[in-house]
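These are the residues of each chain, in order.
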Amino acid sequence: MPAPAANKRVKNRRISRNIIIGSEAWNLPPPGHPDRPKGVPEDHTKRWTVYVRQPEGDPVLTTWLNKVQFKIFSTYENPLRTCENPPFEVTETGWGGFTVDIRLHFQPMSGEKAQYRQHFLQLEKYGTPEQQERQEKTGCVRAEYLEVVQFNEPTEALFEALTAEDQWDYLMPQSAKGGKKAAMMSMGANGKPKRGYPNGERSAQLPEKGSEDMMFSQEHEAALIDLLQKKMAEVDAQLDAEGKKKDETEQRLKALRDELGQAAAQQAAQQASGDRSRRR
Ligand code: SLL
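Nothing here was measured: the structure is a model prediction, and the numbers come from that model.

A. Geometry of the environment of Gly210. Structurally, Gly210 is set in the loop between helix 4 (180-185) and helix 5 (218-279). Using a relative accessible area of 23% as the deciding quantity, one classes Gly210 as partly exposed. The spacing of Gly210 and Pro173 is 37 residues in sequence and 8.9 Å in space, taken between C-alpha atoms.

Shown next, in the form of structure tokens:
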């Protein structure tokens, strides 16, 4: 079989990946404070980080993402910051928020042009009173959103990479990952991962534990399931909270409507009595 090509596209296929774009800002100790880092300009009140991250448990980001550039405010030294490898982030100090231009550069085999995103560097507290209280207490303001990157009709090479099993390897405990040797040993003559047990026995069942030359295991599977269940519980809790908020809003809306209805009725009554008095 020929190697997957970087110039041929896979028709009628689209693959998406999620990324988290966000920032965190922390209060700096005031000038003169012993804990204030040295060399920070007097008027800087915050330390912040702006980042592009992979959602927990997602396939590894660098399969498709080659480098990230952050264009920060023009008064900073070297405002176009380039991260060739993870972590894709920039940390600085400052006093004010601004919009960061983010350029996502894809792996060359993808044949994709760079894509642009923006993120407002939020330094001040925001959101509901509860959120603001938490931000006040922890001294940290975080602003994040989930962004989708779509590959329409990816090149064969990108398609192969985005559908490969090894994209989740980073989730495995270090001991189960093995080194290059283990990777070589688990490879068949065709260069693809060997199936079945290391002793050559064929089975559809995963072994209980990972080993030097067996990357996937029931233990690994259980860890993944556990992670997914935790995330599902989080989503359920969020749904509950959102449901409660919706009920509250609806109640408020009803109260406002009632109030409005009463006011309108009163106005109509006044108008009618006015009309009557004018007619007399
Ligand atoms: C704007 N929000 O968009 C304003 C300006 C710039 C903030 C924000 C220090 C920069 C430096 C800093 O925090 N600047 O030290 O170079 O116009």
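Following the structure, the description resumes.
B. Seen up close, the sheet that holds strand 4 (residues 80-83). Sheet architecture is open: four strands sit in the order 4-3-6-7, paired in antiparallel fashion. The open sheet is flanked by strand 4 and strand 7 (115-120), the only strands paired with a single partner. Across the sheet, the mean angle from the axis of one strand to that of its neighbour is 25°, orientation sign disregarded. In this sheet, strand 4 lies alongside strand 3 (residues 65-71) in antiparallel orientation, the contact comprising four bridges. Paired with Phe70 across the strands is Arg81, a residue of strand 4.

C. Main features of unusual backbone geometry. Cis geometry marks the peptide bond from Pro86 to Pro87; its omega dihedral reads 0°. Along the chain, Pro87 falls in the loop between strand 4 and strand 5 (88-94). Backbone geometry places Asn78, a non-glycine residue, at a positive phi of 45°. Along the polypeptide, Asn78 turns up in the loop between strand 3 and strand 4. Residue Glu153 is not a glycine yet carries a positive backbone phi of 45°.

D. Broad picture of the sheet that holds strand 8 (residues 140-152). With respect to topology, four strands assemble into an open sheet ordered 5-2-1-8, the strand pairing being antiparallel. Each edge of the open sheet carries a strand with a single partner, namely strand 5 and strand 8. On average, adjacent strands in this sheet sit at an angle of 15° to one another, irrespective of strand direction. One ladder, built from 13 bridges, connects strand 1 (residues 14-27) with strand 8; its direction is antiparallel. Bridge pairing in strand 8 links Glu24 to Arg142.

E. Molecular detail of helix 1 (residues 129-138). Taking burial as the measure, the ten residues of helix 1 include one buried ones, a minor fraction of the element. Looking one or two residues past helix 1, Gly139 carries a phi angle of roughly 70°, positive in sign.

F. Highlighting the pairing of strand 6 (residues 99-106). Of the strand pairs in this sheet, strand 3 and strand 6 are connected by six bridges, and their pairing is antiparallel. Bridge pairing in strand 6 links Lys67 to His105. For strand 6 and strand 7, the ladder comprises six bridges, and the chain directions are antiparallel. In the strand pairing of strand 7, Ile102 is matched with Arg117.

G. Structural view of the nonpolar core. Trp48, Val52, Trp64, Phe70 and Leu104 are the most contacted members of the largest nonpolar core, which totals 30 residues. Listing elements by their share of this core, those giving two or more residues are strand 1, strand 2 (46-53), strand 3, strand 5, strand 6, strand 8 and helix 2 (156-162).

H. Molecular detail of the site of the ligand. The ligand sits among His44, Phe73, Thr75, Tyr76, Gly94, Trp95, Gly96 and Gly97. Measuring from an oxygen atom of the ligand, one finds a side-chain N or O atom of Tyr76 at 3.4 Å. Here the ligand loses 69% of its free accessible area of 450 Å² to cover by the protein chains. Across the shell around the ligand, the residue classes tally to three nonpolar, five polar and no charged.

Quick notes on the rules
- Residues numbered from 1 in each chain as written.
- Predicted model: local features only at pLDDT ≥ 70, side-chain atom pairs only at ≥ 80, totals over all residues.
- Heavy atoms only, no water.
- Helix = DSSP H or I, 4+ residues; strand = E, 2+ residues; numbered from the N terminus.
- Buried < 20%, exposed > 50% of the residue type's maximum accessible area, 1.4 Å probe, protein only.
- Pairing = 2+ DSSP bridges.
- Axes fitted to C-alpha atoms, helices over the stretch in contact; angles between N-to-C directions.
- Core = buried A, V, L, I, M, F, W, Y, C linked by side-chain atoms within 4.5 Å.
- Near = heavy atom within 4 Å.
- Polar contact = N/O pair within 3.5 Å; in protein donor to acceptor, adjacent residues only side chain to side chain.
- Areas by Shrake-Rupley, 256 points an atom, 1.4 Å probe, with all protein chains shown as cover.
- Nonpolar A, V, L, I, M, F, W, Y, C, P; charged D, E, K, R; others polar.

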